[in-house]
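Coordinate inspection notes
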Amino acid sequence: MKSIIAPLVAVALSTSGLGSAAFGQNADTVLLNGKIVTLDAAMPTAEALAVRDGKIVAVGTSADVRAFAGAGTRMIDLEGRTVVPGLIDSHMHAIRAALFYATEVNWIGTSSIPAAMERIKAAAQRSKPGQWIIVAGGWTEQQFREKRRPTQAELLAAAPDNPVYVQLFYSAALLTPAAYKALNITTDADVPPSGKIERAADGTPTGWILGDNPTISGLFDKLPLPTFDESVEGTRQFFRELNRLGITGVSDPGGFNLTAPSYQPLFKLWQDGALTVRVVYSLFAQRRGKELEDYQTVTQMLPMGFGDDWLRFNGIGENVAWGMYNNDNPTEAQKEQLYQIYKWAASRRMAITQHWNNNRSVHHLLDVLERVDRETPIAPLRWSIAHLNDATPENLRRMKALGVGWLMQNAMFFNGEAFLKARSSEAMRLTPPIMTALKLGIPIGGGTDAHRVMSYNPFVSLQWMVDGRTVGGTLTRDEEQLPTREEALQFYTLGSAWFTFDDDTRGSLKAGKLADLAVLTRDYLTAPTSEIGRIESVLTMVGGRIVYAAGPYARLEEKPR
């Protein structure tokens, strides 16, 4: 049989920078006898790979890669399991979610209201009387078989001695009487801007508070914060939870309820060498009307790309300027302010991600981008628009001409039924236009926008991409807008890596790249489509370190420092 050792060695020598002694050094870890989905066009699948010093040094057959092993090499038999590149969520509010993870309850994965109440009850049993119980989002009534929101009475039955707060997206929150009392809310006047207390037909409060982003964010700001140590532990726990689902990297766009001190728990783990997820983050606008001034001040000490492979600064967004955030009818003055910020960012070679929901108003944003591009070409900067679920081919072509990418999340997994009710089946079948964007050559990054508005589970998002069904089972997109499994996986790996200038170092499994990968419980490429969302990782590796392991590999997990 013709050997492929020579080509493997040549690749390792030429791409990993190990020099002439590369083949003389043994691998730290070798994975054998698997189905490795590389996303490398030169070798789409393989049986084995070898890792040394945090990078992949060889990919190929088990027989040939075994040659990289020595007496001290850790040998892992995959026993036919599928391996994929580490998943990268291109738009997740992970830093904020992590802060509260150790002190919150989540309803991700629950399929009924009784199951959700059991989690509340379990939290109450662990808590002291009077201690807050908080569900900060990540659920929808469509995931429950009852197809309704829970009631205040159900919360009281589950946690009679605790104030309870349950957030539904950025549109509503359910509070128990103890929570109302603790927050001194008795009338609409006590609710943050634009909010109101929902009342039944007889005028009795239901427990729900209704509002918009500022309302719900203001309400959340009234809740007690976890201690610093709780936030450090929450960050550690949340990142391990992401590792359980094969996630090895996230791009974090900031968000509401985040201030400078909010980043300190993350920075501590980074300084301690204890991160298990690579985090690339951007700066969210702070003071209204002072956005540019704030960016100019902070980035004097935080240049674009500052950091390392584990934690790095990647520009500004997703709220770049308050006047252009969720505003479908911006004034000329507001567009001018955005232009000035963009112009400054372009001069600094700084990346930008811009939140924009509606196609009907995105022309305002594209006009500003095109104005900047006429003065400074922005394509090399890899700017992006997040969301834009109902983008038309015309506006996608404008994005393509600018070199602007699309951060696409599975919002319609939770919101498909609501979108269908508000719009039409004709609009729904093209929302989001995944394949239209792909065929146009627009860079696409996969993600979730977790955790307040969506589950952070990447396999749920991947399943939604390929089958077009909501959490309630409603079929939405036409078949022509459904990517293949390989295409969807590429969005979540190489696609996401492109936006952070990392596509040459991660996102696929080939010699010279970082050893970020996940060994799966099921074969992603062949499992029934309806079961993709149940896939997990049994071994997740980041930079050659096994940060999560379960089942037959549990003993291999390397504990945090």
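Bear in mind the structure is a predicted one, so any value in this text is a computation, not a measurement.

1. Looking at the sheet that holds strand β9 (residues 133–135)
- Here five strands make up an open sheet; going across it, the order is β9-β10-β11-β13-β12 and the pairing mixed. The open sheet terminates on both sides in strands that have one partner only, identified here as β9 and β12 (196–199). Mean inter-strand twist for the sheet, computed between neighbouring axes without regard to direction, equals 25°.
- Bridging between strand β11 (residues 172–175) and strand β13 (residues 205–210) involves three bridges; their strand directions are antiparallel. Among the inter-strand pairings, Leu174 is bridged to a residue of β13, identified as Trp208.
- Contacts between helix α7 (residues 213–221) and the sheet are confined to β9, β10 (164–168), β11 and β13, with β10 contributing the most and set at about 155° to the helix.

2. Observations concerning the packing of helix α8 (residues 228–244) against helix α9 (residues 264–271)
- α9 packs onto α8 with a crossing angle of 65° between their chain directions and a minimal axis gap of 9 Å. Classed by the angle they form, the pair α8 and α9 counts as roughly perpendicular. α8 and α9 meet at a crossing whose hand is right-handed. Where α8 abuts α9, its residues Phe228, Ser231, Val232, Thr235, Arg236 and Phe239 lie against Gln264, Pro265, Leu266, Lys268 and Leu269.
- For the contact of α8 with α9, the class distribution of residues is six nonpolar, three polar and two charged.

3. Quick word on the environment of Gln334
- Its location among the elements puts Gln334 in helix α11 (residues 332–347).
- Those residues in contact with Gln334, other than ones at most four positions away along the chain, are Gly323, Met324, Asn327 and Asn329.

4. Observations regarding the pattern of salt bridges
- Per the counting criterion, the structure on display carries 26 salt bridges.
- The salt bridge involving Glu557 is made with Arg240; its shortest N-O contact spans 2.9 Å. Highlighted residues: Glu557 in the segment after β23 (545–549) and Arg240 in helix α8, separated in sequence by 317 residues.
- Take Arg240: its relative accessible area is 37%, and that puts it in the partly exposed class.
- Between Asp502 and Arg506 there is a salt bridge whose closest N-O contact spans 2.9 Å. Comparing Asp502 with Arg506 shows no difference in burial state: the two are buried.
- One salt-bridge network, in which partners are shared between bridges, spans Glu426, Arg429, Asp478 and Glu480.

5. Some thoughts on the pairing of strand β18 (residues 384–387)
- Across four bridges, strand β17 (residues 353–356) lies against β18 in parallel orientation. Residue His355 lies in a different strand from β18, and its bridge partner there is Ala386.
- In terms of handedness, the path from β17 via helix α12 (residues 362–375) over to β18 forms a crossover that is right-handed.
- With three bridges joining them, β18 and strand β19 (residues 405–409) adopt parallel strand pairing. Counted as the bridge partner of Ser384 is Gly405 from β19.
- With respect to chirality, the unit in which β18 leads through helix α13 (residues 393–402) into the neighbouring parallel β19 is right-handed.

6. Let's talk about the sheet that holds strand β1 (residues 29–32)
- One open sheet accounts for four strands, arranged β5-β4-β1-β6; its pairing is mixed. Each edge of the sheet is formed by a strand with only one pairing partner; in this case those strands are β5 (55–60) and β6 (74–77). Across the sheet, the mean angle separating the axes of adjacent strands is 15° when strand polarity is ignored.
- Sheet topology note: the β1/β6 ladder contains four bridges and is parallel. Of the residues in β6, the one forming a bridge with Leu31 is Ile76.

7. Section: the confidence of the model for the chain
- Mean pLDDT for the chain: 94, with 96% of residues reaching 70 or above.
- Across residues 1–22, confidence stays below pLDDT 50; counting only partners more than four residues off in sequence or on other chains, it has 28 contacts.

8. Quick word on α11
- Here α11 spans 22 Å end to end across 16 residues, near enough to the 22 Å set by a 1.5 Å rise per residue.
- Here α11 has its buried residues at Lys335, Leu338, Tyr339, Ile341, Tyr342, Trp344, Ala345 and Ala346.
- Among the structural elements, α10 (291–298), β16 (311–316), β17 and α12 are those in contact with the buried residues of α11.
- Downstream of α11 by a residue or two, Arg349 has a phi angle that is positive, lying close to 55°.

9. Considerations on helix α14 (residues 411–422)
- Those residues of α14 lying buried are Met412, Phe413, Phe414, Gly416, Glu417 and Phe419.
- For α14, the elements touching its buried residues are α15 (425–428) and α17 (458–467).

10. Details of the packing of α17 against helix α18 (residues 485–498)
- Two elements in contact, α17 and α18, have axes separated by 9 Å at closest approach and are oriented at 135°. Classified by the angle between their axes, α17 and α18 sit oblique to one another. Every pair of crossing elements has a handedness; the one defined by α17 and α18 is right-handed. Between α17 and α18, the contacting residues are Pro458, Ser461, Leu462, Met465 and Val466 on the first element and Arg485, Ala488, Leu489, Phe491 and Tyr492 on the second.

11. Some words on the packing of aromatic side chains
- Tallied over the full model, the rule gives 24 aromatic pairs.
- On the basis of an interplanar angle of 45° and a centroid distance of 6.4 Å, the ring pair of Phe238 and Phe239 is categorised as tilted. The pair Phe238 / Phe239 is uniform in exposure class, with both members buried.
- Taken together, the aromatic side chains of Tyr170, Phe256, Phe284, Trp322 and Tyr325 make up a single cluster linked through ring pairs.

12. What about unusual backbone geometry?
- The step from Thr431 to Pro432 runs through a cis peptide bond, and the omega angle for that step is -5°.
- Here Pro432 is to be found in the loop between α15 and α16 (434–440).
- With omega at 5°, the peptide bond leading from Ala450 into His451 counts as cis.
- Of note, His451 is situated in the loop between β20 (444–447) and α17.
- Phi at Asn184 takes a positive value of approximately 55°, unusual for a residue other than glycine.

Quick notes on the rules
- Residues numbered from 1 in each chain as written.
- Predicted model: local features only at pLDDT ≥ 70, side-chain atom pairs only at ≥ 80, totals over all residues.
- Heavy atoms only, no water.
- Pairing = 2+ DSSP bridges.
- Helix = DSSP H or I, 4+ residues; strand = E, 2+ residues; numbered from the N terminus.
- Axes fitted to C-alpha atoms, helices over the stretch in contact; angles between N-to-C directions.
- Contact = heavy atoms within 4.5 Å.
- Parallel < 35°, antiparallel > 145°, perpendicular 65-115°, else oblique.
- Left-handed = near helix turned anticlockwise from the far one by under 90°.
- Nonpolar A, V, L, I, M, F, W, Y, C, P; charged D, E, K, R; others polar.
- Salt bridge = Lys/Arg side-chain N within 4 Å of Asp/Glu carboxyl O.
- Buried < 20%, exposed > 50% of the residue type's maximum accessible area, 1.4 Å probe, protein only.
- Right-handed = clockwise from strand over helix to strand, strands pointing away.
- pLDDT = per-residue confidence, 0-100.
- Expected span 1.5 Å × (residues − 1).
- Phe/Tyr/Trp six-rings, centres within 6.5 Å; stacked < 30°, edge-to-face > 60°.

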